[in-house]
Amino acid sequence: MQNWVTDIMEQFGYLGVFLMMTLENVFPPIPSEIVLPFGGFLTTYTDLTVIGIVVTATLGSVIGAMILYSIGLLVDVERLEKIVDRYGHLVRIKKEDIHKADAWFDKYGYWTVLFCRMIPLVRSLISIPAGMSNMKFSLFLFFTTIGTLAWNMILISIGVILGENWEDILGFMDVYSSIVYLMIFSGMVVVVIWYIRKKRK
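Reading guide: rules and limits
Residues numbered from 1 in each chain as written. Predicted model: local features only at pLDDT ≥ 70, side-chain atom pairs only at ≥ 80, totals over all residues. Heavy atoms only, no water. Core = buried A, V, L, I, M, F, W, Y, C linked by side-chain atoms within 4.5 Å. Buried < 20%, exposed > 50% of the residue type's maximum accessible area, 1.4 Å probe, protein only. Helix = DSSP H or I, 4+ residues; strand = E, 2+ residues; numbered from the N terminus. Contact = heavy atoms within 4.5 Å. Phe/Tyr/Trp six-rings, centres within 6.5 Å; stacked < 30°, edge-to-face > 60°.

Undergrad: Pulling in residues and values, what's your account of the nonpolar core?
TA: Counting residues in each nonpolar core, the largest one holds 24 residues, and the members touching the most others are Val5, Met9, Val35 and Leu36. Of all elements in the fold, only helix 1 (2–12), helix 2 (14–26), helix 3 (32–42), helix 4 (50–74), helix 9 (137–162) and helix 10 (168–200) reach the threshold of two or more residues within this core. The leading source of residues in this core is helix 3, at 6 residues. What Met9 contacts, discounting residues up to four positions off in sequence, is Gly16, Val17, Met20, Val35, Phe38, Gly39 and Leu42. Ala65, Ile119, Ile126 and Phe143 belong to the second largest nonpolar core, which has 12 residues in total.

Structure, rendered in structure tokens:
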């Protein structure tokens, strides 16, 4: 996967960066942790510029996020309600739970989109619930762009600084991802326990 990604970027330059970042959002197994630092490294020995890499990478990310947002619009709350009506009893989920989750996302969703753009894997998938909750598209686009731009600039800058040793960042990103995923999983466990206790009461 890594060799394929870097070969595309070396061969097609800005277009390769754009395509990889668009795919990275729609197909998370292509990690931005490879695309962005390598993109920064490319600026050290080619005609590509840091600004050019940042712009094309951000544009690709935002377009990929828009695609997933559109998918979320197709699976809206009303369709979820129909699914819950039919299968919700199997996992003890009611329509009221869907409405509460939707209301929470309406209240905090913009900040969730912003900060989740800096979490591997989650940064792509967060666009789907944003679409499902019918988040205002202009604000979704704004917060997605800001979060994406920050993430891209950090990793591209690291690639420029490390140069040919850009792969050194991959080990750190693995640790970062593991810590974040552990925190998310722990939070989910706490929420599930709280939910079960509340139901019992």
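Moving on, there is more to tell.
Undergrad: Go over the environment of Phe18, please, and point to the residues and values.
TA: Mapping Phe18 onto the fold places it in helix 2. Relative accessible area serves as the criterion here: at 21%, Phe18 is assigned to the partly exposed category. For Phe18 and Ile63, which are 45 residues apart along the polypeptide, the C-alpha to C-alpha distance reads 9.5 Å. Apart from the residues lying within four places of it in its own chain, the contact partners of Phe18 are Thr56, Leu59, Gly60 and Ile63.

Undergrad: Residue-level account of the side chain of Ser127, with values.
TA: Position of Ser127 among the secondary structure elements: in helix 8 (residues 127–132). By relative accessible area, Ser127 is classed as buried at 0%. Among all residues touching Ser127, those that are not within four sequence positions of it are Ala65, Leu68, Tyr69, Arg117 and Phe140.

Undergrad: An account of the packing of aromatic side chains is requested, with residue identities and associated values reported.
TA: Per the counting criterion, the structure on display carries 9 aromatic pairs. The interplanar angle of 25° and the centroid separation of 5.8 Å between the aromatic rings of Tyr110 and Phe143 together place this pair among those described as stacked. A residue pair is termed long-range when its members are at least 10 positions apart, and Tyr110 in helix 6 (residues 95–116) and Phe143 in helix 9 qualify at 33 residues. The interplanar angle of 80° and the centroid separation of 5.2 Å between the aromatic rings of Phe142 and Phe143 together place this pair among those described as edge-to-face.

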